[in-house]
Amino acid sequence: MNKTLTIDTKKRDEMIDITDYVQDIIYHSGMKEGLAVVQSLHTTAGITVNENADPDVKTDFLRRLDEVYPWHHPSDLHGEGNTAAHLKTSTVGHSQTLIVSDGHLILGTWQGIYLCEFDGPRSRRKVTVKVIPSD
């Protein structure tokens, strides 16, 4: 089963917690045991699993990516001017595979699933969740 989430973003760089949306898809699928693959359908927005307790983690995460991949770099050639967003997405990755047991995502105490926007704000960002039962 595939289900696609549509998410509007509000900033150039932001991390949006989508954990509850993914868990809801798993619940409605009826799957008890298996895998959930969460995939961004964009080259400038990624998916990561990270801490969801302290909001400073998101702030630090985005700031440090900006330090590594500054938005404006004199050597960038890409005509759209968003090379940094492409690099950030490639670094973070476009998908995560998560274990599901007894109908619930297996995540650590502090973990959440995030859509990482690197070229916003955008309307209608797509994230597809593939539920794969193990039986």
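Residues numbered from 1 in each chain as written. Predicted model: local features only at pLDDT ≥ 70, side-chain atom pairs only at ≥ 80, totals over all residues. Heavy atoms only, no water.

Quick look at unusual backbone geometry now. For the bond running from Gly 120 to Pro 121, omega is -5 degrees, close enough to zero to count as cis. As for its placement among the helices and strands, Pro 121 is situated in the loop between strand E7 (111-117) and strand E8 (125-133). One non-glycine residue, Asp 102, lies in the positive phi region at around 55 degrees. On the basis of relative accessible area, Asp 102 is assigned to the exposed category, the value being 54%. You will see that Arg 124, though not glycine, has its phi angle at about 65 degrees, which is positive. The class for Arg 124 is exposed, based on a relative accessible area of 52%. (Helix = DSSP H or I, 4+ residues; strand = E, 2+ residues; numbered from the N terminus. Buried < 20%, exposed > 50% of the residue type's maximum accessible area, 1.4 Å probe, protein only.)

Time to look at the nonpolar core. In terms of nonpolar packing, the biggest core is built from 21 residues, with Ile 18, Val 22, Ile 26, Val 38, Leu 105, Ile 113 and Val 127 touching the most fellow members. When contributions to this core are tallied by element, the ones reaching two or more residues are strand E1 (2-7), helix H1 (19-29), strand E3 (34-40), strand E4 (45-51), strand E5 (95-101), E7 and E8. If we skip the residues at most four places from it in the chain, Val 22 touches Val 38, Leu 105, Ile 113 and Val 129. Counting residues in each nonpolar core, the second largest holds 11 residues, with Leu 62, Leu 65, Trp 71 and Cys 116 among its members. (Core = buried A, V, L, I, M, F, W, Y, C linked by side-chain atoms within 4.5 Å. Contact = heavy atoms within 4.5 Å.)

Moving on: helix H3 (residues 83-92). The complete set of buried residues in H3 reads Thr 83, Ala 84, Ala 85, Lys 88, Thr 89 and Val 92. The inward-facing, buried residues of H3 contact E4, helix H2 (55-68), E5 and E7. Trailing H3 by a residue or two, Gly 93 shows a phi angle of about 100 degrees, which is positive.

Now for the side chain of Gln 23. By the secondary structure assignment, Gln 23 is in helix H1. From its side chain, Gln 23 meets the backbone oxygen of Gly 103 in a polar contact 2.8 Å long. If near-sequence neighbours (up to four positions away) are discounted, Gln 23 is found in contact with Gly 103, His 104 and Leu 105. (Polar contact = N/O pair within 3.5 Å; in protein donor to acceptor, adjacent residues only side chain to side chain.)

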